[in-house]
Amino acid sequence: MELNLGGKVAIVTGGSRGIGRAIAVSLTAEGARVAICSRDPKTLEVTVNALRASGADVIGEVADVSRAGDLERLVDVTLERWGGVDILVNNAGGPPPGHFDELTDHDWQQAIDLSLMSSVRALRAALPYLKKSGSGRVVNILSTSVKESVEGMLLSNSLRTAAAGLAKTMSRELGPFGITVNNVCPAHVMTARLREVAAFRAKEGKLDVRASTEAIALRRMASPAEVADLVTFLVSARAAYITGTSVAIDGGSTNSLM
């Protein structure tokens, strides 16, 4: 299937490891030019060098997506290199697990900046160029918590849902410009995030992550590459009539009908 991504310019936040890195690999394999960011300069350098070694046209910028100004700088660097933006993939690490009586105002504000305002700021900065593209694409990496609340994940349940509401509204506002806005909602992906949640559950005496595959219809975890393949399709010309959706990629573990 031809995805027509050759020469497209993509920004992938949190692109140095895990799902973000897999998305960068998938997009560059289809011929897209990709800018990635990370808070960790060493991890960023390793990923950029690995992508370039495979022949990819890629740049990296040290940035904290939860901090005002960093995402605007990432967009500026992308424009300096390639002159436009066609694709924006908002991928930020999820907020930490926790229960209501454990979380402070500071915890909530950090989670808001990470899980909601990062998408707002990135879209605001990239939007003029996505409009000029004529076929702009926005994909937000969220969680199945937007479809079915997850025990012990209060911040994610609250703020991922807010991000989904933002995306649905923006899909209506930006549709006349040919821009699609969709959410990819992973669960049970073999990443550092999965290990963080597993450690939290173990501390509370819950099932180990390895046992949780019994709740997955396919009886296995996903790889980051499988999530990346879905994202790559959604930003392609083949998905031009798909917008305002939240697509679960969870091996069949979520019980919601929609």
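See the structure printed just above.
Summarised in this report is the structure supplied together with it.

## A word on the packing of helix α3 (residues 70–82) against helix α4 (residues 105–133)
- In the contact formed by α3 and α4, the axes pass within 9 Å of each other and the chain directions differ by 30°. On the basis of the axis angle, α3 is roughly parallel to α4. In this structure, the crossing between α3 and α4 has a hand that is right-handed. Counted together, L71, E72, V75 and L79 of α3 and S118, R121, A122, A125, A126 and Y129 of α4 form the full contact between these two elements.
- Classifying every residue of the contact of α3 with α4 by side-chain character gives 7 nonpolar, 1 polar and 2 charged.

## Quick word on the packing of α4 against helix α5 (residues 154–174)
- Between α4 and α5, whose axes approach to 9 Å, the crossing angle comes to 20°. In terms of orientation, α4 lies roughly parallel with respect to α5. Crossing handedness for the pair α4 and α5: right-handed. Of the residues in α5, those touching α4 at D107, W108, A111, I112, S115, L116, S119, V120, L123, L127 and K131 are L154, L155, S158, L159, R160, A162, A163, L166, M170 and L174.
- Split into classes, the residues belonging to the contact of α4 with α5 amount to 15 nonpolar, 3 polar and 3 charged.

## Remarks on the pattern of salt bridges
- Overall, the coordinates contain 6 salt bridges when judged by the stated rule.
- Close ionic contact of R73 with D70 constitutes a salt bridge, the shortest N to O distance being 3.4 Å. Taken together, the positions of R73 and D70, both in helix α3 and 3 residues apart, correspond to about one turn of that helix.
- Of the residues examined, R73 reaches a relative accessible area of 32% and is grouped as partly exposed.
- On the basis of relative accessibility, which here comes to 6%, the residue D70 falls in the buried class.
- Each of E61, R67, D70 and R73 takes part in salt bridges that share partners, so that together they form one network.

Conventions we followed
Residues numbered from 1 in each chain as written. Predicted model: local features only at pLDDT ≥ 70, side-chain atom pairs only at ≥ 80, totals over all residues. Heavy atoms only, no water. Axes fitted to C-alpha atoms, helices over the stretch in contact; angles between N-to-C directions. Helix = DSSP H or I, 4+ residues; strand = E, 2+ residues; numbered from the N terminus. Parallel < 35°, antiparallel > 145°, perpendicular 65-115°, else oblique. Left-handed = near helix turned anticlockwise from the far one by under 90°. Contact = heavy atoms within 4.5 Å. Nonpolar A, V, L, I, M, F, W, Y, C, P; charged D, E, K, R; others polar. Salt bridge = Lys/Arg side-chain N within 4 Å of Asp/Glu carboxyl O. Buried < 20%, exposed > 50% of the residue type's maximum accessible area, 1.4 Å probe, protein only.

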